[in-house]
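A closer look at the structure
What follows is the residue order along each chain.
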Amino acid sequence: SAPAAPPVSVTTFKVEMKDLAVRLRSAGVVTPIRTVDVKPQVNSVITKVNVKDGQYVKAGDLLFSLDARTEEANIAKAQAQLAKDSAALADAQRQLRRAQDLLARQFISQGSVDSNVAAVEGWQATVNADRAAIDATKVAQSYARISAPQSGRVGVVNVSTGSAVEANKTVLVTITQISPIAVTFTLPQRNIADALVGLQKDGAPVTATLPDNGGVFQGKLQFVDS
């Protein structure tokens, strides 16, 4: 008779209902979240370029310096006017105190004192206007320092020392935010429901793999367009 067959091993598992992760694959395009064109706010001339092509900068880093001699002269002029008007205010205040003393002795009328009060108030308003003019001139002077509005990578620097620039028109350089960055991709219509479910769960995890050994990066789904 033929020899008996060896016993057959049988493995059993308990059937359970569980959630199965839905993995979707798609080709994407890396796109910056923010790109800013840096422009001057005044007409001026570049006196110094503090950045190079392709350089990484942080928000607040000085990029360009403009000719600020006109603003500096205006500040000096406004400060001199403030000093002059402050002296006039001090004299008016002395005149008011003298008039009040004479009124207490009944040597002058109340009308004379009121005139001195009006003079003091007028010079006080003039001094306040002078201080506001100085503040406004300092704001104009600050436009001579052009700083990076955001962190990122600088593109091609379009100007050099001595270049004339126009306010809100000349593009000095473009800064592209590198981190964080976005990847846009498309999905078939049949998978949109899965994407929306992942979006409602505080963003489904997304793994971006760059070609040519560019690295693997982790992110999350943040937006599904119409």
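Note: the structure precedes this text.
First, a word on scope: everything that follows refers to the structure included in this document. These numbers were taken from a predicted model, which means no experiment stands behind them.

**A look at the environment of Pro7**
Its location among the elements puts Pro7 in the segment before strand 1 (28-31). Linking Pro7 and Asp212, residues 205 residues apart in sequence, is a C-alpha distance of 51 Å.

**Overview of helix 1 (residues 69-104)**
Taking 1.5 Å as the rise per residue, helix 1 with 36 residues should run 52 Å; its terminal C-alpha atoms sit 53 Å apart, in good agreement. For helix 1, the set of buried residues is Glu71, Ile75, Ala78, Leu82, Asp85, Leu89, Ala92, Leu96 and Ala99. Buried residues belonging to helix 1 abut helix 2 (110-142). Phi turns positive one or two residues past the end of helix 1, at Gln106, with a value near 65°.

**Some words on a nonpolar patch on the surface**
A surface patch of nonpolar side chains, amounting to about 480 Å² of accessible area, comprises Val30, Ile181, Val183, Phe185, Leu210 and Phe217. Relative to the assigned elements, Val30 resides in strand 1.

**Description of the sheet that holds strand 3 (residues 44-49)**
Taken in spatial order, the 4 strands line up as 6-5-3-8 in an open sheet, and their pairing is antiparallel. Among the strands making up the open sheet, the edge pair consists of strand 6 (145-147) and strand 8 (164-165). Taken together, the 3 bridges between strand 5 (residues 62-66) and strand 6 define a ladder with antiparallel strand orientation. Pairing of Ser65 across the sheet is with Arg145, part of strand 6.

**Considering the sheet that holds strand 7 (residues 152-154)**
The 4 strands are arranged 2-9-7-4 in an open sheet whose pairing can be described as antiparallel. Each having just a single partner strand, strand 2 (35-38) and strand 4 (56-57) make up the two edges of the open sheet. Of the strand pairs in this sheet, strand 7 and strand 9 (residues 173-176) are connected by 2 bridges, and their pairing is antiparallel. Residue pairing for strand 9: Val154 is matched across the bridge by Ile175.

Each value, and the rule that gives it
- Residues numbered from 1 in each chain as written.
- Predicted model: local features only at pLDDT ≥ 70, side-chain atom pairs only at ≥ 80, totals over all residues.
- Heavy atoms only, no water.
- Helix = DSSP H or I, 4+ residues; strand = E, 2+ residues; numbered from the N terminus.
- Expected span 1.5 Å × (residues − 1).
- Buried < 20%, exposed > 50% of the residue type's maximum accessible area, 1.4 Å probe, protein only.
- Contact = heavy atoms within 4.5 Å.
- Patch = residues over 30% accessible without salt bridge, like charges linked within 9 Å, V, L, I, M, F, W, Y side chains within 5 Å.
- Areas by Shrake-Rupley, 256 points an atom, 1.4 Å probe, with all protein chains shown as cover.
- Salt bridge = Lys/Arg side-chain N within 4 Å of Asp/Glu carboxyl O.
- Pairing = 2+ DSSP bridges.

Coordinates in, geometry out; function isn't part of it.
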